[in-house]
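Fold and contact review
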Amino acid sequence: MASDLRQRIASGEYPPGGMIPSETTLMQTYGVARGTVRQALAELEREGLVVSQMGRSRRVQGQPAEGTKPATRYEDVANQLRVAIKAGEFPPDVRLPGEPVLAERFGTARITVRKALELLQQEGLIVVIPSKGRFVATSSPPSNTSREG
C-alpha cells in the first residue's frame, strides 16, 4: 500500500500540496484495516513525502503549483482573502470584517471562514489582537491597540 501511494505521489496523481484520501477511503480502496493504513502513512511521513497537520488531513509535501485549484473550500476562501488584502481592500491597521460578514460574502459557513482566517494567521498575513479582532499584519500592531488581552 505504501509503495502504491508513493508511486501515485511520484506520478503527480497526488500533487505537492494536494490532499491524501482519508483513512476511511484508503481502507476501502485497499481493503485493509485502519492500522495498516496508518502504518503506510507513517512510513510516507518518515520519508518526508507526506505531512499531517493537527485537525486537518494529510497532504503531499510541497507547495501547490501556481494556479492549482485549492483542495478545500477554506483554502479557496483564504486565497480570495489574500487577493483582497493584496489589492488593498483590507489595508493594514483596519479591522477585518467579522466571521458572519465574511461567511455571507463568500457564501459559506462561519467555520470555513474561521479555518481560512487561521490559515492566513499561520502564514503571518493577519494578526489577532485579543479583545480587538483580526487585522492585516504590519510591522507593528494596529494603531491605538495593544497586544495585551
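The shown structure was predicted, so the numbers you read here are calculated from the model rather than taken from an experiment. (Residues numbered from 1 in each chain as written. Predicted model: local features only at pLDDT ≥ 70, side-chain atom pairs only at ≥ 80, totals over all residues. Heavy atoms only, no water.)

**Brief notes about the overall build of the chain**
- When its secondary structure is counted, the chain shows six helices and four strands.
- The order of helices and strands in the chain, counted from the N terminus, is α-α-α-β-β-α-α-α-β-β.
- Burial analysis of the chain (149 residues in total) assigns 31% to the buried set.
- Long-range pairs, those at least 24 residues apart, make up 50% of the contacts in the chain between residues at least 6 apart in sequence. (Helix = DSSP H or I, 4+ residues; strand = E, 2+ residues; numbered from the N terminus. Buried < 20%, exposed > 50% of the residue type's maximum accessible area, 1.4 Å probe, protein only. Contact = heavy atoms within 4.5 Å.)

**Let's talk about the pattern of salt bridges**
- By the definition in use, this model includes 15 salt bridges.
- E47 is the salt-bridge partner of R6, the closest N and O atoms lying 2.9 Å from each other. With R6 in helix α1 (residues 2-11) and E47 in the loop between α3 (34-46) and β1 (50-52), the pair connects residues that are 41 residues apart, well separated along the chain.
- Looking at R6, the relative accessible area reads 27%, which means it is partly exposed. (Salt bridge = Lys/Arg side-chain N within 4 Å of Asp/Glu carboxyl O.)

**A few points about the environment of I126**
- Along the chain, I126 turns up in strand β3 (residues 126-129).
- A relative accessible area of 1% places I126 in the buried class.
- As for I126 and R82, which are separated by 44 residues in sequence, their C-alpha atoms are 9.8 Å apart.
- With residues up to four places along the chain from it excluded, the contact list for I126 reads I85, L96, L117, L120, Q121, R134, F135, V136 and A137.

**A closer look at the nonpolar core**
- Core analysis: the largest hydrophobic core is formed by 18 residues, its most contacted members being L81, F90, L96, L102, L117 and I126.
- Breaking this core down by element, the ones donating at least two residues are α4 (73-86), α5 (99-106) and α6 (110-122).
- In terms of residues, this core owes the most to one element, α4, which gives six residues.
- Once residues lying within four places of it in the same chain are set aside, the contact partners of L81 are F90, L102, F106, L117 and L120. (Core = buried A, V, L, I, M, F, W, Y, C linked by side-chain atoms within 4.5 Å.)

**A short note on the packing of α1 against α3**
- Taken N-terminus to C-terminus, the directions of α1 and α3 make an angle of 50°; their axes are 9 Å apart at the nearest point. Here α1 lies oblique to α3, going by the angle between them. The way α1 lies across α3 gives a crossing that is right-handed. Listed contacts from α3 to A2, L5 and R6 of α1 are A40, L41, E43 and L44.
- Across the contact of α1 with α3, the residue classes break down as five nonpolar, no polar and two charged. (Axes fitted to C-alpha atoms, helices over the stretch in contact; angles between N-to-C directions. Parallel < 35°, antiparallel > 145°, perpendicular 65-115°, else oblique. Left-handed = near helix turned anticlockwise from the far one by under 90°. Nonpolar A, V, L, I, M, F, W, Y, C, P; charged D, E, K, R; others polar.)

**Considerations on the packing of α4 against α5**
- Where α4 meets α5, the axes come as close as 12 Å, and the angle between the chain directions of the two elements is 100°. Compared by their axis directions, α4 and α5 come out roughly perpendicular. Across from R73, V77, Q80, L81 and A84 in α4, the residues of α5 making contact are L102, R105 and F106.

**A word on the environment of E45**
- Take E45: it is sitting in helix α3.
- Along the sequence, E45 and Q61 sit 16 residues apart, while their C-alpha atoms lie 8.9 Å from each other.
- If we skip the residues at most four places from it in the chain, E45 touches V50, S52 and R58.

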